[in-house]
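Report on the structure
Spelled out, the chains give:
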Amino acid sequence: MTIAFEKSAEAPSINNAGLVLGGFSIAVLLLAAVTLGAWLMGASGLLSDFQARLQPPSSSHLFGTDMLGRDMLARTIKGLALSLRIGFLAAGISVIIATGLAILAASGSRMADAAVSLVVDMTMGLPHLVLLILISFALGGGTTAVVIAVAVTHWPRLTRILRAEILQLQAAEYVTVSRNFGKSRWYIARHHFLPHLVPQMIVGFVLLFPHAILHEAGLTFLGFGIEPSKPAIGILLSESMRYLMAGKWWLGCFPGLMLLIAVLCFDFIGNGLRTLTDPRGSQQ
Amino acid sequence: MGYWKAFVIGRIARLALVLAGVAAVAFILAKFSPVDPINAYLGPDIARVGPEQRALIAEKWGLDQPLSVQFTKWLASLLSGDLGWSITYNSSVADVISERFRSSVVLMGLAWAFSGLIGFSLGIWAGAHPGSWTDRIIRLYSYVLAAAPTFWIAILLLIVFSVGLRWTPVCCAGPIGVLPEDVTALQKLHHLLLPLVTLSVLGVAQIALHTRVKMIEIMQSDFVLYAKAQGGTPLDIVLRHGVRNAALPAVTVLFASLGELFGGSILAETVFSYPGLGSATIESGIRGDVPLLLAIAILTAFFVSAGNTIADVLYHVADPRIAPERRMRGAE
């Protein structure tokens, strides 16, 4: 669980635009299939069948069945769709917080800058998971609490990147001209900085997504997240813990594998987008 | 030298400020919680306690006073070394933490050292031979593992080694039914193995990726070119120029990754029921044991922030061209 979007060279460099687009479309298709599948399935896939409890993977139940005879493939897809929804919300809110604070820090007063930088240090000074547990504890758990907790813990790095970006823009000629025309700081922020930040915001959003999903799953697994009645990946895995000793390996294996694949998809899309939008990468 | 002194002192002052801020935020969050501390304390006895008695408990605990007074009192007793009483473990928070810390520090310290050593070696190897098949394997491994959920890796290891092969125990820090004092060092190591492997396997990824990038940069630098021109063998160049220059950045990343390490250990300790600080965090959160939860939050904040501060200082040692003034104004 590492955030790597400030060091562009860390991830495998995908410099070939064709490869990026190819991988991109596969990843998008896969994610669309999950969302659509969960939507089309409705509640039908989650019915219990006590005749078929704890069945190993077979052709009728690809991922096997759980202790109530529910199909694990259906539950996993449902869980992933739920994860995607939560990740979408949390990452979106995170990007909004990051943009707001970055603009405040870079075009506000020195005091505002110092305050934002202190809050960044504080948020990064606690282990992510401990902060998530504290926030979820404060809000009493549940899906909303998870969204809020994940959203308010993931913005610091993006804030730093966006702030540095704005500071570079401050020196641009059109900003100087605008300033000399007597435009206010907030006018400049809205009309000159914000449009410029959009690509960074999109890349930041896509790269925040996998971390949001992973942290949501971790928090739920530990019992601080989504209600146990919902089929979330974290719930599926924590339920599986009780049956692992009895050799029911498929309960723990497949949901996590699907989560990993979803995370890798987003990572790939994000890195591809960054390579395509990064002017330094365009000489390839 | 005066410059460095001022810089380091400034960073330490900032660390203190951050910790104070974390303490305040953690306190407010805990107060904000819908979990009622009196209910959490009473547990099943809740039905036998009337409103008058509740009021008495609230008064004894100072819960009837305003928030600012409660915070000042809490902070004062925290600074005087009194961390409070843990209802989950029915002993003082300081005792719980020091006991849990002892088992966690072995786990996290070893995982930290292994991730650093193995990750650094892999990164050097991959960066010295970019494009080779070993580089591809190392990169693929790091890339996939960096995206893997910690608790799922732990579950997989549990399925393969504890349930499938029966090589390792399923849970805890010692065999079931044996008193903690009687557990031998070998048994301890046996129970430590899987959590340790989980954390190391994941920790390696980040260090390896980071070192690899640095190493490629170094191998393209002028001084390596000159070393080659002077007839240095590849091994010589990697050891004398590569390792020396890549070491400091790797150590920096290692210090900055303490938060991830602790987060990982919470998850790994939960999967393997390892009685460390991580499982104590979960217990305190689920049972509404506020004094313990707050103490753990501040303790971990201290370690992680100290790690971040050390990383920040090392960052400047590694690259003195970055002046602190410029960096604080955002040229990162």
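On a predicted model such as this, the values are computed, not experimentally measured, just so you know.

1. Some points on the overall build of chain A
Check the secondary structure of chain A and you find ten helices and zero strands. Along the chain direction, N to C, the helices and strands of chain A fall in the order α-α-α-α-α-α-α-α-α-α. Counting over 284 residues, chain A shows a buried share of 49%. Long-range pairs, those at least 24 residues apart, make up 69% of the contacts in chain A with a sequence separation of at least 6.

2. Considerations on helix α9 (residues 233-244) of chain A
Taking 1.5 Å as the rise per residue, α9(A) with twelve residues should run 16 Å; its terminal C-alpha atoms sit 16 Å apart, in good agreement. Here α9(A) has its buried residues at Ile233(A), Gly234(A), Ile235(A), Leu236(A), Leu237(A), Ser238(A) and Ser240(A). The inward-facing, buried residues of α9(A) contact α2 (72-107), α8 (185-222) and α10 (249-277) of chain A together with α7 (150-164) of chain B.

3. A few points about α8(A)
Residue and element names in this part refer to chain A. Compared with the 56 Å implied by 1.5 Å per residue over 38 residues, the 45 Å span of α8 between its first and last C-alpha is markedly short. At Leu 194, α8 is deflected by roughly 45°, the largest bend along its length, and proline Pro 195 occurs up to four residues later in sequence. Positive backbone phi, approximately 100°, marks Gly 223, located one or two places after α8.

4. Points about the nonpolar core
Ranked by internal contacts, the top residues of the largest apolar core, which has 162 residues, are Leu134(A), Phe209(A), Ala26(B), Ala154(B) and Ala297(B). With residues near it in sequence (within four places) discarded, Ala26(B) still touches Leu134(A), Leu294(B), Ala297(B) and Ile298(B).

5. Points about the packing of helix α5 (residues 143-151) of chain A against α8(A)
Residue and element names in this part refer to chain A. At a minimum axis distance of 10 Å, the contact between α5 and α8 shows a crossing angle of 130°. As summarised for this structure, α5 and α8 are arranged oblique, according to the angle between their axes. Crossing of α5 against α8: the hand is right-handed. Facing Val 146, Ala 149 and Val 150 of α5, the residues of α8 in contact are Ala 212, His 215, Glu 216, Leu 219 and Thr 220. Residue composition of the contact of α5 with α8, by class: five nonpolar, two polar and one charged.

6. Brief notes about unusual backbone geometry
The phi dihedral of Ser273(B) is positive, around 45°, even though this residue is not glycine. Topologically, Ser273(B) is positioned in the loop between α11 (258-271) and α12 (277-287).

7. Thoughts on the environment of Leu194(A)
Residue and element names in this part refer to chain A. Considering the arrangement of structural elements, one finds Leu 194 in helix α8. C-beta crowding within 10 Å serves as the criterion here: with 14 such atoms nearby, Leu 194 is assigned to the partly exposed category. Residues Leu 194 and Ile 103, 91 residues apart in the sequence, show an inter-C-alpha distance of 8.4 Å.

8. Looking at the interface of chain B and chain A
With 52 residues of chain B in contact, the opposing surface of chain A contributes 49 residues. Taken together, the elements giving at least two residues each to the side of chain B that touches chain A come down to α1 (2-32), α6 (133-146), α7, α8 (185-219), α11, α12 and α13 (290-318) of chain B. Top element by residues in the side of chain B that touches chain A is α1(B). It accounts for nine residues. Here the side of chain B that touches chain A is built from residues that sort into 35 nonpolar, 14 polar and three charged.

9. Description of the confidence of the model for chain A
Residues and elements named next belong to chain A. Chain-level pLDDT for chain A is 80 on average; 87% of the residues reach the 70-or-more range. Ranking the elements of chain A by mean pLDDT puts helix α1 (residues 17-41) last with 76 and α5 first with 89. Note that pLDDT drops below 50 for residues 1-12; the model gives that stretch 28 contacts with residues more than four away or on any other chain.

10. A few points about the packing of α7(B) against α8(B)
All names here are of chain B. Taken N-terminus to C-terminus, the directions of α7 and α8 make an angle of 135°; their axes are 10 Å apart at the nearest point. One way to sum up the angle between α7 and α8 is to call them oblique. Viewed along their axes, α7 and α8 form a crossing whose handedness is right-handed. Note on element contacts: α8 touches α7 through Leu 194, Val 197, Thr 198, Val 201 and Leu 202, opposite Thr 150, Ile 153, Ala 154, Leu 157, Leu 158, Phe 161 and Ser 162. Taken together, the residues of the contact of α7 with α8 sort by class into nine nonpolar, three polar and no charged.

What counts, and at which threshold
Residues numbered from 1 in each chain as written. Chains lettered and ligands numbered in written order. Predicted model: local features only at pLDDT ≥ 70, side-chain atom pairs only at ≥ 80, totals over all residues. Helix = DSSP H or I, 4+ residues; strand = E, 2+ residues; numbered from the N terminus. Buried ≥ 20, exposed ≤ 12 C-beta atoms within 10 Å, placed from the backbone. Contact = placed C-beta atoms within 7 Å. Expected span 1.5 Å × (residues − 1). Bend = angle between axes of the 7 residues up to and from the residue. Core = buried A, V, L, I, M, F, W, Y, C linked by C-beta atoms within 7 Å. Axes fitted to C-alpha atoms, helices over the stretch in contact; angles between N-to-C directions. Parallel < 35°, antiparallel > 145°, perpendicular 65-115°, else oblique. Left-handed = near helix turned anticlockwise from the far one by under 90°. Nonpolar A, V, L, I, M, F, W, Y, C, P; charged D, E, K, R; others polar. pLDDT = per-residue confidence, 0-100.

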